[in-house]
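Here's the letter readout for the chains.
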Amino acid sequence: MVAASPTPVRPDRIRPIGLPVIDLTRKRSDVVDLIVRASEELGFFKVVNHGVPRHVVANMEAEAFAFFAQPPPEKLKAGPPNPLGYGYKNIGFNGDTGEVEYLLLHTNQASINHRSKTISEDPNKFSCTVREYVEAVKDLAVEILEMVGEGLRLTDPKKLARLIRDGESDSVFRLNHYPSLISTTTTTNNNGTVDKDNNNNSSGRDMSSQQGWCNVVNGGGVSVKGVVGFGEHSDPQILTLLRSNDVVGLQISLGDGLWAPVSPDPDSFCVNVGDALQALTNGRFISVRHRAMVNPYRSRLSMVYFGAPPLHARIAPLPETVTAQTPSLYRPFTWAEYKKAAYSLRLSHSRLDPFRTV
Ligand code: GA4
């Protein structure tokens, strides 16, 4: 018998792209056009001059780093994730894993207060910091969605924004920590200068494990290895607002094994369209797959707000997006139905497919 030759694993390739950077202090009509165009073409853009106060971001980041710097037994008090709470390597309930530890919180104040007791020795301070951050970022998401409503010329331009502003919104907030692969605190950065990384690998795990490694070819065609922190997926919600420290890691899928790295910029927010907004816009806006890679030298921290509708909200293509030429691509579903389907699938699955009409 002739042994079958192993199928060669095609290395991922990196292709840098210029992500649109939208200055929110520009003329409103220009900002509206830029947001709509970016949401249609790439599903991703950055916003600058966004109005979220620096100290609000800095306080949240400090709390997050303080939490992840604790010894594992302390962090485990906030877990296991159900899906809310502290998680370490396991993502969802169907066997997905990644080189990440995280805190997943509901943005409902009662839930934050309750969770804070297992997260911090000063639960009041922790919950106030989260509340301040989530409120500021939610306001930004509302502003962006109002502009989307204008850009799509909806009869009720605030309709989309109301879904996440609703007191019963099912929005969640996630803190992701991707420890570096080295445990020393002093590293050399891309410029060849020395950085002091105070956020060293404190996860208490064996980072020498080869699980999660994939081959990556950079722009110059050189094959390098990369470790996946959070695997390829699209976000289920309406709109995602991500802020990370100054460490590269986020990558956008361009399809066919091509990945576009997003340059980190602690002063901006990276915004992306979620599956629910793709359905609401009848596929006009795209919910693009993305992933997070571990940085070998420096720990990465991302703070991600996922703006979602209430559980009972009905998601269906907005009438303004359905025409004879563009018939409805999705059947109506509630957010609760969609979530149930999402949690029954793996991270990389296409979660909107079961709701497609064609
Ligand atoms: C991806 C986006 C958000 O991080 C998240 C994730 C959620 C989880 O970690 O509990 C999911 C994942 C995310 C999509 C599919 C399901 C649900 C893990 C998983 C395998 C909080 C979300 O809403 O969906």
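The rules behind each value
Residues numbered from 1 in each chain as written. Predicted model: local features only at pLDDT ≥ 70, side-chain atom pairs only at ≥ 80, totals over all residues. Helix = DSSP H or I, 4+ residues; strand = E, 2+ residues; numbered from the N terminus. Contact = placed C-beta atoms within 7 Å. Pairing = 2+ DSSP bridges. Axes fitted to C-alpha atoms, helices over the stretch in contact; angles between N-to-C directions. Near = placed C-beta within 6 Å. Nonpolar A, V, L, I, M, F, W, Y, C, P; charged D, E, K, R; others polar. Expected span 1.5 Å × (residues − 1). pLDDT = per-residue confidence, 0-100. Core = buried A, V, L, I, M, F, W, Y, C linked by C-beta atoms within 7 Å. Buried ≥ 20, exposed ≤ 12 C-beta atoms within 10 Å, placed from the backbone. Arc of directions from axis to C-beta. Parallel < 35°, antiparallel > 145°, perpendicular 65-115°, else oblique. Left-handed = near helix turned anticlockwise from the far one by under 90°.

*Asks:* For this particular structure, what's the right way to read the overall build of the chain?
*Replies:* What the chain contains, in helices and strands, is 8 helices and 18 strands. Across the chain, every contact between residues at least 6 apart in sequence was considered, and the portion connecting residues at least 24 apart equals 70%.

*Asks:* I'm lost on the sheet that holds strand β5 (residues 96–106) in this one. Help?
*Replies:* Think of a sheet as strands paired side by side through backbone hydrogen bonds, with each pair either parallel or antiparallel. Strands sit in the order β2-β3-β14-β11-β16-β6-β5-β4 across an open sheet of 8 strands; the sheet is mixed. Of all strands in the sheet, those with a lone pairing partner are β2 (21–23) and β4 (85–91), marking the two edges. Sheet twist, expressed as the average angle between the axes of neighbouring strands with direction ignored, equals 25°. Note that strand β11 (residues 239–244) and strand β16 (residues 300–307) share 6 bridges and pair antiparallel. The residue bridging S244 from the neighbouring strand is S302, located in β16. In the packing of helix α1 (residues 28–41) onto the sheet, the strands contacted are β2, β3 (44–48) and β14 (269–273), and the crossing angle to β2 comes to about 160°. Strand contacts of helix α4 (residues 109–119): β4 and β5, with the helix running at about 125° to β5, the strand carrying the most contacts.

*Asks:* Help me out: how do you make sense of the site of the ligand in this one?
*Replies:* For the ligand, the set of nearby residues contains 14 residues, the closest of which are P83, G92, D235, A342 and L347. Secondary-structure elements contributing two or more residues to the shell around the ligand are β5, β6 (172–178) and α8 (335–344). Its residues assigned to classes, the shell around the ligand shows 9 nonpolar, 2 polar and 3 charged.

*Asks:* I tried to follow helix α5 (residues 123–151) on my own but got confused; where do I start?
*Replies:* Because an α-helix packs 3.6 residues into every turn, residues spaced three or four apart end up facing the same way. Between its terminal C-alpha atoms α5 stretches 41 Å, which fits the 42 Å expected from 29 residues at 1.5 Å a residue. In the segment just after α5, R153 is the residue with positive phi, at about 50°.

*Asks:* Hey, could you run me through the pairing of β4 in this one?
*Replies:* Side chains on a regular strand alternate between the two faces of the sheet. Relative to β5, β4 runs antiparallel, the two being bridged by 6 bridges. When the bridges of β5 are listed, G87 appears paired with Y102. Counting the residues that bridge the hairpin from β4 to β5 gives 4 residues, and of these G92 lies at a positive phi of roughly 70°.

*Asks:* Before we go on, may I ask you to explain the confidence of the model for the chain in this structure?
*Replies:* Detailed reading of the predicted coordinates is not advisable wherever pLDDT falls low. Per-residue pLDDT for the chain averages 90, and the proportion of residues at 70 or more is 85%. Strand β7 (residues 186–188) is the least confidently modelled element of the chain, averaging 37 in pLDDT, while β14 averages 99, the highest of any element. Every residue in residues 219–224 is under pLDDT 50, and counting partners more than four places away or in other chains gives 9 contacts. Predicted complex metrics record ipTM = 0.99 and pTM = 0.90.

*Asks:* It is not clear to me how unusual backbone geometry should be interpreted in this structure. Could you clarify?
*Replies:* Apart from glycine, the bulk of residues carry a negative phi angle, and the bulk of peptide bonds sit in the trans form. G79 connects to P80 through a cis peptide bond whose omega is -5°. By secondary structure assignment, the location of P80 is in the loop between α3 (72–76) and β4. With omega at 5°, the peptide bond leading from N82 into P83 counts as cis. As for its placement among the helices and strands, P83 is situated in the loop between α3 and β4. Unusually for a residue other than glycine, R153 sits at a positive phi of about 50°. By secondary structure assignment, the location of R153 is in the loop between α5 and α6 (159–165).

*Asks:* Just to check I follow, could you spell out the nonpolar core for this structure?
*Replies:* In a soluble, globular protein the nonpolar side chains are often hidden away together inside. Membership of the largest hydrophobic core comes to 80 residues, with the highest contact counts inside it found for I35, A141, I144, L239 and L241. Counting residues per element, this core draws most heavily on α5, at 11 residues. Among residues more than four places away in sequence, those in contact with L241 are V137, L140, A141, F269, V271 and Y305.

*Asks:* Help me understand α4 in this model?
*Replies:* All buried positions along α4 are accounted for by I112, R115, S116 and I119. End-on, the buried residues of α4 take up no more than an arc of 115°, which puts them together on one face. Contacts made by the buried residues of α4 are with α2 (54–68), β4, β5 and α5.

*Asks:* What's the story with the packing of α2 against α5 in this structure? I'm lost.
*Replies:* Axis angle and axis distance: for two packed helices, these are the angle between their axes and the distance between the axes, and together they describe the pair. At a closest axis distance of 9 Å, the pairing of α2 and α5 adopts a crossing angle of 135°. On the basis of the axis angle, α2 is oblique to α5. The way α2 lies across α5 gives a crossing that is left-handed. Every residue of α5 that contacts α2 at V56, N59, M60 and E63 is listed here: F126, T129, V130, E132, Y133 and A136. Of the residues belonging to the contact of α2 with α5, the class tally is 6 nonpolar, 2 polar and 2 charged.

*Asks:* I'm lost on the environment of N272 in this one. Help?
*Replies:* Tracing the chain through its elements places N272 in strand β14. Remark: the alpha-carbon pair of N272 and R115, spanning 157 residues in sequence, is separated by 27 Å. Ignoring anything within four residues of it in the chain, the contact list for N272 reads G43, F44, D235, T240 and V288.

*Asks:* How should the pairing of β16 be read in this particular structure?
*Replies:* Burial of β16 is extensive: 8 of the 8 residues sit out of reach of the surface. For β6 and β16, the ladder comprises 7 bridges, and the chain directions are antiparallel. Bridged to H177 within β16 is L301.

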